[in-house]
Amino acid sequence: MYFLKNKFNSITLLKRNSFLFILFIILLTSGCSNTKYLPTGEDLYVGSSIKVESKDPIKGKGTIKTELSKLARPKPNERILWMRAKLWIYNFSGPAPKKGLKKWLKKNWGEPPVLLSDEHPKDNADLMINRINSLGYFDSNVKYKITTSKRKATIEYTAFVSKPYIISKITFPEMQDELSTRIKITEEKSLLKVGDQYNLDRIKTERSRIDFELKNTGYYFFSPDYLLFKADSNAVDKTISLELTVKTDAPNKATIAYVMDDIYILPSYSLGQDSTRLTKTDTIEFNGYHYINTDSAFHPSAILRSVFLKKGDAYSRRSHNLTISRLMGMGVFKFASIKFTDTIISNQGRLDAWINLTQLQKKSLQVQIQTVTKSNNFTGPALTL
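These numbers come from a predicted model, not from an experiment.

### Here we look at the environment of Met260
Here comes step 1: Position of Met260 among the secondary structure elements: in strand E7 (residues 258-266).
Here comes step 2: For the pair Met260 and Phe340, spaced 80 residues apart in sequence, the C-alpha separation works out to 9.6 Å.
Here comes step 3: Those residues in contact with Met260, other than ones at most four positions away along the chain, are Leu309, Lys310, Lys311, Gly312, Asp313, Tyr315, Phe340, Leu351 and Ala353.

This is the structure in structure tokens:
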């Protein structure tokens, strides 16, 4: 019986290995068969290449090439070693298999052909020009060349770049009001430096940095989109000066600092519930907070140790995020969120906060001690947990 079982396992293993070997041979020879399934007049797109040329000495050619290679769309069919196995499986399965192995293979492993007509080199070249400009290489250009052979097509993009522009001057707004003063104070931490190469991504990051600093000093409704860096370029010297301003169409509430007013804490909040409409009959005043005590599972002091928003303080995004992080870190709440309502009194913004806490499912532990008498007349304790 042992011999027959081993023989059966050997036959099964041999069949499995034979199947894998045959599949490998098929895939090995699949490279030359993929193009015959293409629609009439179509070529298989197999990839692109990027070249960077310049009359000026440029240090960042490798960076430019890497950035532009990300913009060539779509990507060609995936290759495994030298084979486009997924494309072959797609073709092998037929146009519309209804059931069986071929349908499963096409759905789970197949990949439709990427055609040259799917590629839009003109659009890609325009995107590449925009990307080069964002890196400071203005007055640049991108051209492309399509090469086809045996129904396979490749595209070569050539970027002609010039000397990059250098930041010559950075101007922050003068301290004319509270907002401009707050922005001016952040200047010493600026990510932009005179002498650096112009970089649009760095400018966007600088706007986000200033926005975060403002949100920690009360500007709850501010947004980095309300900041504008005006650029004035000098084509002769290849320099550019930047002037930071607040957009004139920024809404009034975005330019006003807010302080915390009433803070309500609801430790038994249900998702979808409008906590701002709750009656305050069960509200407890505790250390300046309004604790809505609809569930006595938590003492207010246990929760307030994790609350860093305080009445009378300027709104702070750091305190906001830290409050949510610490409340979730208690391990007893499934969700924690803070909803704000705002008012403006005498040009001073005020925020009421509703800290909504959804508890995890409650668990209980019961212990029961019993006396048990067995058939041998032995009597002893039994513990049920």
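### What about the pairing of strand E8 (residues 283-286)?
Here comes step 1: Here E8 pairs with strand E9 (residues 289-292) via 4 bridges, running antiparallel. Within E9, the residue paired with Phe286 across the bridge is Tyr289.
Here comes step 2: The hairpin turn running from E8 into E9, its antiparallel successor, is 2 residues long, and Asn287 in that turn takes a positive phi close to 50 degrees.

### Description of the sheet that holds strand E5 (residues 227-234)
By definition, the strands of a sheet pair up through backbone hydrogen bonds, in either a parallel or an antiparallel sense.
Here comes step 1: If you trace the 3 strands from one edge of the open sheet to the other, you get E4-E6-E5, paired in mixed fashion. Two strands bound the open sheet, and with one partner strand each, they are strand E4 (166-171) and E5. On average, each strand axis in the sheet is inclined to that of its neighbour by 25 degrees, with strand direction left out of account.
Here comes step 2: Strand direction decides the pairing type here: E5 and strand E6 (residues 239-246), joined by 8 bridges, are antiparallel. What sits directly across from Ala231, in E6, is Leu242.
Here comes step 3: Across the sheet, helix H7 (residues 200-215) lies against E5 and E6, angled at about 145 degrees from E5, the strand it touches most.

### Topic: the packing of aromatic side chains
Here comes step 1: The final tally for this structure, using the stated rule, is 12 aromatic pairs.
Here comes step 2: When the centroid spacing of 4.9 Å and the interplanar angle of 85 degrees are considered together, the rings of Tyr220 and Tyr315 count as edge-to-face. Of the two residues, Tyr220 sits in the loop between H7 and E5 while Tyr315 sits in the loop between helix H8 (300-304) and helix H9 (317-329), which places them 95 residues apart along the sequence.
Here comes step 3: Taken together, the ring pairs in this structure connect Tyr220, Phe221, Tyr258, Tyr315 and Phe340 into an aromatic cluster.
Here comes step 4: Taking the ring centre of Phe92 as reference, the NZ or CZ of Lys102 above it sits at 5.4 Å.
Here comes step 5: The ring of Phe221 has Lys253 lying over it, and the distance from NZ or CZ to the ring centre is 4.3 Å.

### Details of the pattern of salt bridges
Here comes step 1: Scanning the entire structure with this criterion turns up 15 salt bridges.
Here comes step 2: Where Lys184 meets Glu187, a salt bridge forms, and the shortest distance between an N and an O atom there is 2.9 Å.
Here comes step 3: With a relative accessible area of 24%, Lys184 lands in the partly exposed category.
Here comes step 4: For Glu187, a relative accessible area of 27% puts it in the partly exposed group.
Here comes step 5: Connected through shared salt-bridge partners, Glu67, Lys70, Arg131 and Asp201 make up one network.

### Quick notes on unusual backbone geometry
Here comes step 1: Along the chain, Arg73 connects to Pro74 via a cis peptide bond; the corresponding omega equals -5 degrees.
Here comes step 2: As for its placement among the helices and strands, Pro74 is situated in the loop between helix H2 (61-69) and helix H3 (85-92).
Here comes step 3: One non-glycine residue, Ser346, adopts positive backbone phi at about 55 degrees.
Here comes step 4: Within the secondary structure, Ser346 is located in the loop between strand E10 (333-345) and strand E11 (348-359).
Here comes step 5: By relative accessible area, which is 74% here, Ser346 ends up exposed.

### A closer look at H3
Here comes step 1: Within the sequence span of H3, burial applies to Ala85, Leu87, Trp88, Ile89 and Asn91.
Here comes step 2: Of the residues one or two after H3, Gly94 is the one with positive phi, at around 90 degrees.

### Some thoughts on a nonpolar patch on the surface
Here comes step 1: Together, Ile80, Leu81 and Trp82 line one region of the surface with nonpolar side chains, adding up to about 340 Å² of accessible area.
Here comes step 2: Mapping Trp82 onto the fold places it in the loop between H2 and H3.
Here comes step 3: By relative accessible area, Trp82 is classed as partly exposed at 46%.

### Details of the confidence of the model for the protein chain
Here comes step 1: Confidence in the prediction for the protein chain averages 85 pLDDT; 82% of positions are at 70 or higher.
Here comes step 2: Every residue in residues 2-8 is under pLDDT 50, and counting partners more than four places away or in other chains gives 0 contacts.
Here comes step 3: With pLDDT under 50 throughout, residues 10-15 is counted as low confidence; its partners more than four residues away or in other chains account for 0 contacts.

Cut-offs and rules
Residues numbered from 1 in each chain as written. Predicted model: local features only at pLDDT ≥ 70, side-chain atom pairs only at ≥ 80, totals over all residues. Heavy atoms only, no water. Helix = DSSP H or I, 4+ residues; strand = E, 2+ residues; numbered from the N terminus. Contact = heavy atoms within 4.5 Å. Pairing = 2+ DSSP bridges. Axes fitted to C-alpha atoms, helices over the stretch in contact; angles between N-to-C directions. Phe/Tyr/Trp six-rings, centres within 6.5 Å; stacked < 30°, edge-to-face > 60°. Lys NZ or Arg CZ within 6 Å of the ring centre and 35° of its normal. Salt bridge = Lys/Arg side-chain N within 4 Å of Asp/Glu carboxyl O. Buried < 20%, exposed > 50% of the residue type's maximum accessible area, 1.4 Å probe, protein only. Patch = residues over 30% accessible without salt bridge, like charges linked within 9 Å, V, L, I, M, F, W, Y side chains within 5 Å. Areas by Shrake-Rupley, 256 points an atom, 1.4 Å probe, with all protein chains shown as cover. pLDDT = per-residue confidence, 0-100.

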